[in-house]
Each structure stands twice: as C-alpha cells, then as structure tokens.
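The primary structure of each chain is shown beneath.
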Amino acid sequence: MNASILAAGILTIATMAMAETPVLTVLTYDSFTAEWGPGPAIEKAFEAECGCDLKFVTAGDGAAVLARLKLEGTRSDADVVLGLDTNLTADAAATGLFAPHGQTVATNLPVAFNDPLFLPFDWGWFAFVYDKAKVPTPPKSFEDLAASSLKIVIEDPRSSTPGLGLLMWVKAAYGDRAPEIWAALADNIVTVTPGWSEAYGLFLNGEADMVLSYTTSPAYHLIAEKDDSKAAAAFDEGNYLQIEVAGKLASSPHQELADKFLAFMLTESFQGAIPETNWMYPAVTPKDGLPKGFETLVIPSKSLLLPANEAQALRAPSIEEWRAALAR
Amino acid sequence: MARRAGPVTRAGRAVALGVAALTLGTLLAVLLRAETASFGPADWSALRFTVLAALTAATLSVGLAVPASRALTRRRFPGRGLVITLMGAPFLLPVVVAVLGLLAVFGRSGLINRTFEVLGLSPVSIYGPHGVILGLVFFNFPLAVRMVLSGWQAIPAERLRLAAALGFGPDAVFRHLELPMLRQTLPGAFVAIFLVCLTSFAIPLTLGGGPRATTLELGIYQALRFDYDLGRAALLAAAQFALCAVAVGLAARLALPTRFGAGLDRQVERWDTRGWVLRLQDSVVLMLSCGFLMLPLAMIALRGVEGLPEMPASVWPAALRSVLVALVSTALCMAATVTLCAAISAGPAARWIETAGMLPLAASSLVLGTGLFILVHPFASPERLALPVTALVNAAMAMPYALRLILPAHREVEAAFGRLSDSLALTGLARLRWLILPRLRPVIGFASGVVAALSMGDLGVIALFANESQATLPLVVQQLMGAYRMPAAAGASLLLVGLSFALFWICDRGGRRHAAS
C-alpha cells in the first residue's frame, strides 16, 4: 500500500504544480488514446501551442462516450467530446449539452456536411472486406451478395456502431425493401458478433469470406503488415459513410480553449496523424497527400448518408425489421 | 442451532448487507435515474432463450462433470495433477479469446472441419443453439468438475474402508456414499453455473449465429450503451436477480446435508473400482474431457506464442495493475467469504445470508458499474477510484464461486467438530484460527486461486471508470483487438492467461502444501 500512498503524494504535488496551467479535458473512445492511436501525438502537438494541459478521459466506443456524457450531464468535467458518429449526433444534440462551434472549415468529405454543433475530424466508407485470393470476383451489390454463396460476419446493430451503420446502409439503399434484403442475406450470415473486433477476428481466422468493416481496412494490412491480400468491395448502390465528429460542451469553463482545440483538430498536426493511427480518411487532406498505400484503396462511386434526424428516427424500427428477418 | 449468534453472525450479516447493497443498491441507483421502463416482446423472447440456454448448459456441465470427476478421483495416472490444474483454465479466459480458441477447433476452418474435409465428409457448422451450448459448457464444465471433485474428496477414507470391509461393490458404494455426496454438492454447482450462463452475452451471440440467440444481458448492454434506456436496463437486471433468487431457493431445497461424520484425513484408496470395465469407462471419459478442453487451449497458446513479440510496451504496466487488483480482491473476497460461511453455519437467517452471497452471480457487471458511476460521480472523479472500485467489484463478483467452494467444506467441519469446539468454548477468532482455517486450508487455497484468476480476467467495471493510464490487461487486449492488432492481442491474451494461471497455481499449491496427499 506504500506505493499507492507515494503515488497519491506525487499526484498531489503534480496537481499543485499545474494549478496555473488550464486543463482541457477531452472525452473520447479508448482506442483514440491508446499507445498506437492518434492520442499521444496529438496531445504533444496541442500542448506545444496551447500553453495548457490536454487530458483525455475515455469510454469504450462512440456509443459508450455518449452514454457516459448522458450519465454525467451538466456535471461533466469534459470540455470537448470527440468520437461520436453521424448515427449518434441527433441523439447527442437532443441532450442540449453541446454549444455551437461557430467555425467554418473546408473539408474533403464526399457529402455536404454542415452541423452547427459538430465538426468532422475523420470519415470512412463501410464496406465488406475480403481476401483477394479466396474471393476472386467480389459481389457488386447487396443483391449480388445475397445471391452468392459467400459467407459473411456482421456486427450486431444493438451493440456496435458498425452494425448500426450496416443497418442504415441497407435502409438508405433499399428503403422499404430492407426487410426483403435482410431475409435474402440470412443464409450468407455466418454469425452476428457483439462488436467490430470479434467480427474482424473471426474473419482473419477464416470463419467467413467477408466481414463488415471499412474501405480503409486493407490499408492497415498493406502499410503495417506489408500484406496486400485484403481488399474492400464497392457496391453499385453506394457505400454508407461513417463521419466521426467532435463538439464542445456548453458547461465547459474553458470555452476559448475548447474552440482552439476544435480549430487545431482540423490542422495539419492533428489530421496528419489520423490515417495511420485511426485508419480512416482525415477530414482535411494533409498537404503531402495521404500516406503511400491509401491510393490502392477502392473508392465507391456513390456515398450514402442519412440525415442525422432521420437516422435516429429509423433506428428502432430498423432494428426490429432486422431482428424479425434474421430470427426466422 | 442458535449457538454463537454473537459477533460472527453480526459480521456475516454486515458482509451480506454490503454485498446486497453493492448489487441491488446499484440497480436501484440506475432505476432512480430512469424515466420510463417497459418490457417488450423482444425482451420476453430473450428471457426465454436465456433461461433455456442456461438450463441446458448447466445440466450438461454438471451431468458430464459427474463421470469426469469420478474418474479423476478413482484413477491415479501421470499428469493427473496437471489435468486437475488445467481444468481451471477455460473459465479464466477472456471471452473473446476463448471463442476464437473454440472456433480454431470447431469453426468453419477449424481442426475438425479440416479433418472432415480430408476424409471427404461434409462440414459441420458450430453456429446455432448447439454452438451456444458448446461454448457455455466449455467454460463451465471444468468448473463443475472441480466443484464435484471437492465433494468426492470430502468422503472420508474411513467410510470407504468400512465399505470395502463390508464387501460393497461399486453399486453399493454409489448408493450409500456417493449418491448422498452428490445430492449435497450438485444443486449448488448447478445453480452457480446456471447463474453464470444467465449473464453471458458474447458467447451466445457470437456462436448462436444471429439475433435468435439474444440474452437478457445483451438487452442490458443495448439499453445502457446505445439507447440510454436506464429503466429497461434496470428491469432486465431485476429479472436476472429474480431468477437468481428462485434458483438459489430451489437448490437449497434439493440439497441434502451428508452425514458422513469426521474422518482422519487418510489417503483415500478405492477397493471397489478395480474391474476392467470401470477402468475402460474412466479412461474414455478422461480422454474425451481432456480433448474437449485442451485442444482449444492449445490453439490459443499456439497463436499467443506467435503474437508475443508483437506486444506493445503498455502491456507490462497493465499486467502489473491487473496482478495488484487481483491480489487485493482475493484478500477482500476471502475475508468476506469465510465470515459469510461462519454466519451461515451459525444458524439464524442462514438462507438469506447465503442468497445475498450468491447475488453477484446474477448481477450484470454493466448495471453494477453504471450504478456505481452514478453514485460516485457527484462526489469524486471516477478515474481516481478506478482501481479500488475494480478490486472491490471483482471481489464481490467472485464471491459466489468462493462461497460455493468453501461453504460445503465449512459445513462439514462444523458438523464434525462444532460440538466439540462449543464444549471447549472455542469461539470467534480462536475458532477461526484453531479449527476453521487449518481444516479449510486446501479449499481456501483453491478458492483464492479461482478468485485471483477471475479477477485478472474480468473486464467488469474497469472499462467504465479507467482512463488510458489505468488500463488493466484485459482492457489492453480488447483495445489491441479493436485496432487490427490481432497477433499482439493473442500474445497479450496468452500473457493474461499465463499470469492468471500462475496466481491460481500459487494459491492452490499454498493451500495444499500441508495436506496429507
């Protein structure tokens, strides 16, 4: 127990020493701040120019971040929330906890995105990832996929953000025909996992031919593992977008600093870290372009995205449709 | 039986109240923050599936554990100790890791299907209700074996000698000695496993092949993480507690105390099981059980070894934190459990105290964590309390296992030596020191091992409280998997399993050091 007393002592002294420098607290998902995530580089770069201490507080994933914020309410210590996606923003806006960011920034998003409360920091297309050797002719649409004998692993929309993204993808592409598509896909689905990591792990272990992930997933294998065997399929009906956003909280006592951080978020030092740590497209392309390897990725011909309010309203009925179609 | 209703019972009641406050109190905290609560048709079907899957898995685990543990008691063979120790491994594994290990054997491109392919047989699919049962049995069968094995070892050698002297065959030994022991041990083991299965969700969902295999716990996860429907989460959690109370109550009615009396702790020898039919039967049972458990473990180890060099530096401080948390929660849990056992044996309100001790098994760690968060947040920053809270919650969550293991042995000791100790006025701490602890040493060692290992592997509430500088090893494994780093995650999982196992082994050995055998 001596160690913890000592640690508490050091912590107190450290806190006293930093009492003059303001602390900006950012609530985000935990893979953002991991040793191999974008967090460490971003913290260093921002602290070098803000004269402040940047502190990350984490929750499991985007949905967990929002749940945590709702639990904390106006008592939250966080100044900025980073890592919600467009399926969650309507819900987040409805809490009334966010303040307008008041910034206009030119981004490279494939769709127009203007939200007074949230600024995008990265994005990607959902796609089915496969092994080129095992799937020589990938399907070109959901109907193609359903007609094939390919086996897929997907994530549960009730417990994971990619799973919810897939649900919205089918809804955006097929509208009222969604239940029919799900029923046709039922015999292709090997299993439904609680989250992305289980699904991707199953795919890498050869349990399925394709897995629901992102068009940028093959870049990880190519750049980090020097393995060019993976590819993602672009669908003719379009691929659904995931846009990750950040916003500042109205309850924050550091409004100016929070604004500074949001502006910093769309500069080179932040954006340059994104491609090879978060494995997504940065919202502002770095001036040297994307890292080598990203040019090999498939670019879908069409981008789908439901407006935030619509996505929120469709969530419950779509989950029910999905459950009914697959439970048969 | 109302002897010594003094300090022991009071301490036991205090522990029981504390556990009840932690489990039901946090549920109440969640409920009080809720606006509405409703139980939809999807929830009813989840309830049905959960109960059916848990019943089947518990029946199979306990049913299969009887021949397996019987074979382990009756036979002596090289590596027997190792087999018994390895029996502890599956339920120490992080769920995701165990599922990947199972799939490496039973999956679409697993060992079995590849063998089938070579033999020209059509492949079998693990995904579906049978896969759910397989996964749950993989986790819980070894635990059941260890619980029943303790029962078998508790039959005093003198009774078996007497049986041999009277010329009892295997059938007569079963009827007069083994059956009463099983009636005492099985209900408790069944309830423990039923409750573990009740609160699982990653195994049923992943191996179940889709939304048909939805459990109540998934509903809780969805309600808390996605819908922020605190009322629904609290309702579902309350349903789990209700099932827990019913199961514990039924088991208490079914369980009969044995009346073996005391023995002198001689080495147990069996005279009734030397026939070749029984030998063959035991060998087959042992080989099948070991194959079922060891193959997936071997696959996990193989993958893990490849991944060891890929591990990032952050696994080491995380490993240290995990070990410290495990040690603290083990100490807490053992102190609390022995107190509970003493209070239960002492008589008054035994049923209530025992039920309180079993409550954490039915608790959803997510509801518990959320409830604690709601309670703590107004007063202190949750990150500051992350590790103490985790140690406390892990201790509470592991208590039912410790209770199930220690309580039967404690009852035996009280039945055999209670009156003698009473007449010697050996009460309170003195009784603990001179009677209970020496007699219970082996089972306390084993239970500490289980608790330490469970605490190592459990994600519990840490995910809700910790920030990046406080991650425990299971959290790091999860983060690695979430960042495409599957080989590194496999390596870190192996490290986790290795450490859990080492803790388990040290505690278990420590308990057995002075034992006769």
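Numbers given to residues run from 1 along each chain, matching the order in which its sequence is written. Written order determines the labels here, with chains lettered from A and ligands numbered from 1. The predicted origin of the model limits local features to residues at a pLDDT of at least 70 and limits the giving and counting of side-chain atom pairs to 80 or more, whereas totals for whole chains, interfaces and linings rest on all residues. Derived side-chain values reflect all non-hydrogen atoms in the structure, with water molecules and hydrogen atoms excluded from consideration.

Notes on the overall build of chain B
Summing up its helical and strand segments, chain B has 20 helices and zero strands in all. Dimensions of chain B, computed from the C-alpha atoms along their principal axes, are close to 65 × 65 × 45 Å. Note on classification: 1.4 Å probe, protein chains only; a residue is buried when its accessible area is under 20% of the maximum for its type, exposed when over 50%, partly exposed between these limits. Residues counted as buried form 58% of the 517 residues belonging to chain B. When the 42 positive and 23 negative side-chain charges of chain B are each reduced to one mean point, those points stand 8 Å apart. Numbering of helices and strands runs from the N terminus, with a helix taken as a DSSP run of H or I at least four residues long and a strand as a DSSP run of E at least two residues long. As used throughout, the charge tally considers Lys and Arg to be positive and Asp and Glu to be negative, leaving His and the chain termini uncounted. One atom stands in for each charge, and that atom is NZ of Lys, CZ of Arg, CG of Asp or CD of Glu.

Comments concerning the packing of aromatic side chains
Residue and element names in this part refer to chain A. Each aromatic pair joins two rings of Phe, Tyr and Trp (for Trp, the six-membered one) with centres within 6.5 Å, and gets the label stacked for planes under 30 degrees apart, edge-to-face for over 60, and tilted for any other angle. Under the criterion given, the structure shown has 35 aromatic pairs over all chains. Taken together, a centroid distance of 6.1 Å and an interplanar angle of 80° make the contact between Phe-121 and Phe-270 edge-to-face. Note that Phe-121 is positioned in strand β5 (residues 119-131) and Phe-270 in helix α12 (residues 268-271), a separation of 149 residues in sequence. Accessibility expressed as a relative area gives 0% for Phe-270, which makes it buried.

A short note on the interface of chain B and chain A
Here a residue-residue contact requires only that any non-hydrogen atoms of the pair lie within 4.5 Å. On the side of chain A, 61 residues touch chain B, which itself brings 55 residues to the contact. Taking both partners together, chain B and chain A bury about 5,000 Å²; carbon and sulfur atoms supply 57% of that area. Summed over both partners, the accessible area (1.4 Å probe) lost when two parts come together is defined as the buried area. For chain B, the biggest contributors to the area lost against chain A are Pro-211, Phe-226 and Tyr-484 of chain B; these three give 18% of the whole. Definition used for salt bridges: Asp or Glu carboxyl oxygen within 4 Å of a side-chain nitrogen of Lys or Arg. On inspection of chain B and its partner chain A, the count reaches one salt bridge. Two N or O atoms form a polar contact when they lie within 3.5 Å of each other; inside protein one atom must be a possible hydrogen donor and the other a possible acceptor, and for residues adjacent in sequence the pair counts only when both atoms belong to side chains. Along the contact surface separating chain B from chain A lie 14 residue pairs in polar contact (both at pLDDT 80 or more). Breaking the side of chain B that touches chain A down by element, the ones donating at least two residues are α2 (41-74), α4 (95-106), α9 (202-208), α10 (216-225), α15 (365-376) and α19 (473-481) of chain B.

Things to note about the packing of α2 of chain B against helix α12 (residues 276-307) of chain B
Residues and elements named next belong to chain B. The contact between α2 and α12 brings their axes to 9 Å, and the two run at 120°. In this structure, the crossing between α2 and α12 has a hand that is left-handed. Contact residues: α2 offers Pro-67, Ala-68, Ala-71, Leu-72 and Arg-74, while α12 offers Leu-278, Gln-281, Asp-282, Val-285, Leu-286 and Ser-289. Class assignment of the residues belonging to the contact of α2 with α12 gives a composition of seven nonpolar, two polar and two charged. Every axis in this analysis is a line fitted to C-alpha atoms, fitted for helices over the stretch in contact. Angles between the N-to-C directions lie between 0 and 180 degrees. Crossings are sorted by hand: turned counterclockwise from the far helix by less than a right angle, the near helix makes the crossing left-handed, and turned clockwise it makes it right-handed. Charged residues are taken to be Asp, Glu, Lys and Arg, nonpolar residues to be Ala, Val, Leu, Ile, Met, Phe, Trp, Tyr, Cys and Pro, and polar residues to be all remaining types, Gly included.

Looking at the confidence of the model for chain B
Caution applies to low-pLDDT parts of the model: their predicted coordinates are not meant to be read in detail. Confidence per residue, as judged by the predictor, is encoded in pLDDT with a range of 0 to 100. Of all residues in chain B, 92% have pLDDT values of 70 or greater, and the mean over the chain is 83. For this predicted complex, the interface score ipTM comes out at 0.82, while the overall pTM is 0.85.

What to know about a nonpolar patch on the surface
Like-charged residues are merged into a patch within 9 Å and nonpolar side chains (Val, Leu, Ile, Met, Phe, Trp, Tyr) within 5 Å, provided each residue has over 30% relative accessible area and no salt bridge. Exposure was quantified through the Shrake-Rupley algorithm and a 1.4 Å probe, taking into account, for residues, occlusion by the shown protein chains and nothing else. A cluster of nonpolar side chains, contributed by Trp-276, Val-277, Leu-280, Val-284 and Leu-288 of chain B, occupies part of the molecular surface with about 570 Å² of accessible area. With respect to the helices, strands and loops of the structure, Val-284 of chain B is situated in helix α12.

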